[in-house]
Amino acid sequence: MNHGTALLWKRRALSSLSATRRGLPKEKMSENGIMSRAKVLTIDTMNPTVKKVEYAVRGPIVQRAVELERELSEGMKKPFAEVIKANIGDAHAMGQQPITFFRQVLALCSYPELLSDSTFPEDAKSRACRILQSCGGNSMGSYSASQGIDSVRQDVARYIERRDGGVACDPDNIYLTTGASDGIVTMLKLLVCGEGTTRTGVMIPIPQYPLYSAALAELGAVQIDYFLNEEKCWSLDITELQRAVNEARQYCNPRALCIINPGNPTGQVQSRQCIEDVIRFAAKERLFLMADEVYQDNVYAEGCQFHSFKKVLFEMGPEYAETVELASFHSTSKCYMGECGFRGGYMEIINMDNEVKDQLTKLLSVRLCPPVPGQALMDLVVNPPQPGEPSYGSFIKERTATLSALAEKAKLTEQVLNTVQGISCNPVQGAMYSFPRITIPEKAVKEATEKGQQPDMFYCMKMLEETGICLVPGSGFGQKDGTYHFRMTILPPTDKLKILLNKVKEFHQRFTQQYS
Amino acid sequence: MSAARMQVLSSRNVRLLSRGRNEVFAGRSGAQRPGGDPRTRSLTCPPLSSSSSPGRALSSLSATRRGLPKEKMSENGIMSRAKVLTIDTMNPTVKKVEYAVRGPIVQRAVELERELSEGMKKPFAEVIKANIGDAHAMGQQPITFFRQVLALCSYPELLSDSTFPEDAKSRACRILQSCGGNSMGSYSASQGIDSVRQDVARYIERRDGGVACDPDNIYLTTGASDGIVTMLKLLVCGEGTTRTGVMIPIPQYPLYSAALAELGAVQIDYFLNEEKCWSLDITELQRAVNEARQYCNPRALCIINPGNPTGQVQSRQCIEDVIRFAAKERLFLMADEVYQDNVYAEGCQFHSFKKVLFEMGPEYAETVELASFHSTSKCYMGECGFRGGYMEIINMDNEVKDQLTKLLSVRLCPPVPGQALMDLVVNPPQPGEPSYGSFIKEKGQQPDMFYCMKMLEETGICLVPGSGFGQKDGTYHFRMTILPPTDKLKILLNKVKEFHQRFTQQYS
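Numbers given for residues are sequential positions, taken from 1 along each chain in its written order. Lettering of chains starts at A and numbering of ligands starts at 1, both following the order in which they are written. Only residues with pLDDT of at least 70 are given local features in this predicted model, and only at 80 or more are side-chain atom pairs given and counted; all residues enter the totals for whole chains, interfaces and linings. Where side-chain values are given, they derive from all heavy atoms of the structure, hydrogens and water being excluded.

As annotated in an unreviewed UniProt entry, chain A carries the name alanine transaminase and is attributed to Neolamprologus brichardi. In its Pathway (unreviewed entry) section, UniProt records this for chain A: "Amino-acid degradation; L-alanine degradation via transaminase pathway; pyruvate from L-alanine: step 1/1." UniProt positions are given in the numbering used here, feature names are shortened, and annotations may be inferred rather than shown by experiment.

A.B. asks: Tell me what's going on with the side chain of lysine 406 of chain B, and back it up with residues and numbers.
C.D. replies: In this text, helices come from DSSP runs of H or I with a minimum length of four residues, and strands from runs of E with a minimum of two, each type numbered from the N-terminal end. Examined against the element boundaries, lysine 406 of chain B turns out to sit in helix H14 (residues 398-409). Polar contacts, as counted here, are pairs of nitrogen or oxygen atoms within 3.5 Å of one another; within protein the pair requires one atom able to donate a hydrogen and one able to accept it, and residues that are adjacent in sequence qualify only if both atoms are side-chain atoms. In terms of polar contacts, lysine 406 of chain B uses its side chain to reach the backbone carbonyl oxygen of valine 53 of chain A, at 2.7 Å. Pairs of residues are marked as contacts when any of their non-hydrogen atoms sit within 4.5 Å. If near-sequence neighbours (up to four positions away) are discounted, lysine 406 of chain B is found in contact with Val50, Lys51, Lys52, Val53 and Glu54 of chain A.

A.B. asks: Describe the domain arrangement of chain A, with residues and values.
C.D. replies: All names here are of chain A. If you check the domain split of chain A, you get domain 1 (52-82 + 395-515) and domain 2 (104-382). The domain boundaries here were taken from an automatic or database domain assignment. In this structure, domain 1 and domain 2 have C-alpha centres spaced 28 Å apart. Each salt bridge in this description consists of a side-chain nitrogen of Lys or Arg and a carboxyl oxygen of Asp or Glu lying within 4 Å of one another. Across the domain 1-domain 2 interface, the total number found is two salt bridges. Of the charged contacts in the structure, one is a salt bridge between glutamate 230 and arginine 437, with a shortest N-O distance of 3.9 Å. Run the count over domain 1 and domain 2 and you get 13 residue pairs in polar contact (both at pLDDT 80 or more). Broken down by element, the side of domain 1 that touches domain 2 gets its largest block of residues, seven residues, from helix H14 (residues 392-418). Each residue is assigned to one of three groups, with Ala, Val, Leu, Ile, Met, Phe, Trp, Tyr, Cys and Pro labelled nonpolar, Asp, Glu, Lys and Arg labelled charged, and all others, Gly among them, labelled polar. Considering only residue class, the side of domain 1 that touches domain 2 consists of 17 nonpolar, nine polar and six charged.

A.B. asks: Quick rundown of empty space enclosed by the protein? Include the residues and the values.
C.D. replies: Points on a 1 Å grid over protein atoms alone make up a cavity when a 1.4 Å probe fits among them but cannot get out, and a pocket when they form an open set with protein on both sides within 12 Å along at least five of seven lines; lining residues each have an atom within 4 Å of a point. Grid points are joined across faces, edges and corners, and a volume is the space filled by probe spheres set on the points. One pass over the structure, following the stated rule, counts nine cavities of 30 Å³ or more. What the largest cavity holds in volume is close to 220 Å³. The wall of the largest cavity is formed by 23 residues, among which Ser181, Tyr209, Tyr295 and Lys334 of chain A together with Tyr187 of chain B lie closest to the centre. A breakdown of the residues in the lining of the largest cavity according to their chemical character gives 13 nonpolar, six polar and four charged. Two domains share the lining of the largest cavity, each providing at least three of its residues, namely domain 1 (52-82 + 395-515) and domain 2 (104-382) of chain A.

A.B. asks: Quick rundown of the side chain of arginine 103 of chain A? Include the residues and the values.
C.D. replies: Considering the arrangement of structural elements, one finds arginine 103 of chain A in helix H3 (residues 100-110). Contact partners of arginine 103 of chain A, with chain neighbours within four places excluded, come to His92, Pro98, Glu339 and Phe342 of chain A together with Cys153, Ser154, Tyr155, Ser183, Met184 and Gly185 of chain B.

A.B. asks: So what about unusual backbone geometry? Which residues, and what values?
C.D. replies: Asparagine 264 of chain A connects to proline 265 of chain A through a cis peptide bond whose omega is 10°. Looking at the element boundaries, proline 265 of chain A is found in the loop between strand S7 (253-260) and helix H9 (272-285). In this structure, proline 251 of chain B follows isoleucine 250 of chain B across a cis peptide bond, with omega equal to 0°. Relative to the assigned elements, proline 251 of chain B resides in the loop between strand S4 (244-250) and helix H9 (255-263). Although it is not a glycine, asparagine 351 of chain A adopts a positive phi angle of roughly 60°. The topology assignment puts asparagine 351 of chain A in the loop between strand S10 (344-350) and helix H12 (354-365). Located in the positive-phi region is cysteine 277 of chain B, a residue other than glycine, with phi close to 60°. Along the chain, the position of cysteine 277 of chain B falls in the loop between strand S5 (266-271) and helix H10 (282-292). Relative accessibility under 20% of the residue-type maximum defines a buried residue, over 50% an exposed one, and the middle range a partly exposed one, all with a 1.4 Å probe and only protein chains included. The exposed category is assigned to cysteine 277 of chain B, whose relative accessible area is 61%.

This is how it looks when you write it as structure tokens:
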């Protein structure tokens, strides 16, 4: 994105507000008096819901970071040698290595002539063959079924059964998607209906991953905020859920509850009890449960464990297991794989009405299918090398190294940030981010407000200009009024992360001093 | 050029080609042999359900619930709960969406495939899915060079593998250098990888005889469908008689009607003229837009060229007329050009909307808003599964551009393998490069095809190139019937002789 500072047209016509045009081109007087035509598509005549969409993870601060990178590359002098994009959960961009086995299979699938290449292990070759056999014409270049390649969905179902200690999974409930975002947006789309006070309301955590607010804005659904409890390590409070839904019923029709576990940006890993309580709440309040579980392998803290919503639901017995409508989302972008660029993902849908399922299938068919390389990758993620297989040793080694490095960095981050006066960081129990609370002096808040900026955006922009470190201000995720945060990934390599954290510390001290 | 590749669609050749793929597997030591004909892999769709599971509650029509779960009497008298999400409480616009290319008939085809594989007797041995434009599924082979580069990008260790040509390696390096951490696994910029967009811009400039293309106007997309839907989304606003109307050809590719239904925009049909080879009539466009103005606000005009499903290739004059019409009626032009390389008929030529627009001078070139769409799914590549595509956007308002960028950022980025593939499509092997020869051959311009085409153009004699039948590598043939009456045959043979002498002379 290289037009954060778009070149404005010198002769840009004043935008037209009239909605109906009857034939003749509308002439407009521009700023310099020259008659020129208004465009058909302007800021006033475009889709109004699109204008409401915000997505801070790639928002204005990132556009500025990209500009700075360009300036650096053009030789401009800066107080830093490089821009560090700690704004986005992109592991490979930060130097994390892909899993060798996965890339071998993908290469074999891309160019099957390699099946005669002796440098590839046999298990990679047999996986590739299995995948290719499931593709039309044995080629990754064919469209797959819209729900995703059959054998991959079966493998996903088996993975889920293993993960959930044997709880049955029907492959027919598995939908492969273009990243998890695709599945989440599709489900939200299905749920939206009504008008005014009957308009669909969707409960989302605050702080949240801003895909949710963006999708709800675009769909014109009502966003219902429930606040996670920062004092209790970002835990979820049923009383807070109850408050939120009660209030919301006055002006909309609450129909869905979204939960991100492990959390983004907050990193908390919810307890089993909490998940049970949420399910009970959703059943009572008649809410469709959306469980965003893309960080399910990213659990670091002692005493924390990932409990899948599906498993807990089934363990609560048929009264819940046969009634609560649940969609659970996973992705190839996070965990130990970090294969963001492949856009692989799936959703498992439990207890969905069959007629709605048909509608879902129909809706998905219009976009034909998710990218096949991503589907292939998901197959490997859910069906990795097994003990005894040639690639097992190196696979385990690579996965363990990546996950333990992340755990180490999670702890390091929490430790260092908590040594800074004015920064308070909850334990990073899981996921890939720290979301520390920062104290911003009144003077800075004032200056920010005068500039029309959120105080934490003001803070983060200054940090970017002075250190080259790009973070995302907490206002991009939502936070309790009067509190400020930033989200920073834990992804850079450990030694680099140490340097980063120190720079953040130094900046904060300078900033606090400057505005005291 | 593509006529030779079109031959692959006959069922006999399809079987031959799938056997060919079997041989690829069979020749590999230790690799699993696929059982049976790999092409009859069933594509499973969820079974058609006429009724849902027993005990399903009657759907609830009430819109606001106040706390307590709603109990419902089901068909068999058992109290059970209504679902939260039912056919009556779901998004109403989604229900209006139809997409025939994968609709009910295809679901039935998939069922039949399953029944066949289970041994049920049918009056046919296989189901042939000629419903969808999926070349590889029908046996078309991918371009070797493309797949080599993708393999190198997936697993860069292969850069030290001597079986890969140097040009494939250098392309792969170039792509990887443009990726975060030199990995295809990184998110790219939401608009797409910078260097790929630049390559796309240069491709467009070459294609359009030098008409300038700004890389900043290029957006990589997840197939062309993604770009088309995104543009339509931007355009939709208003209510009732001010609701956005979008003109689409009838017959059309049903992505358009599906997207308009989902977005709640107004579909404005204009009919292509079947009697005149599906040509586009400006008077018909005028009729359509005039009528539409009574009940909506027409704001966009979609045209598919070459056409889907109709296959017509519009003349340059027609394209000019459409541009003039769009300018006069103030319509955003959407040019779906995904089949730009699939032009077969004598006398037909692809004219890009962009090029024609610019050749019409600044009055049009600087004002008409145009989006042009392309894809890696069609043409000679047929790489549907990779979901590669781009759109070029001309004369878009800058504020709207910023909104577009913002909208795209929410979905992060298009699939990187598809972006890499698009890079290769717009930047293929060049004369002199190691892979050029095989690339051209695979693309379909067999030397004997070239020879026969020239003979046809110069003498009117139509023969079939040997490459269509198979021949030893490096040898060329043609097939000619001996059926014409003797005196005519003598004339023919003399013309062939003269042509060959001329041809040999010309290319010596």
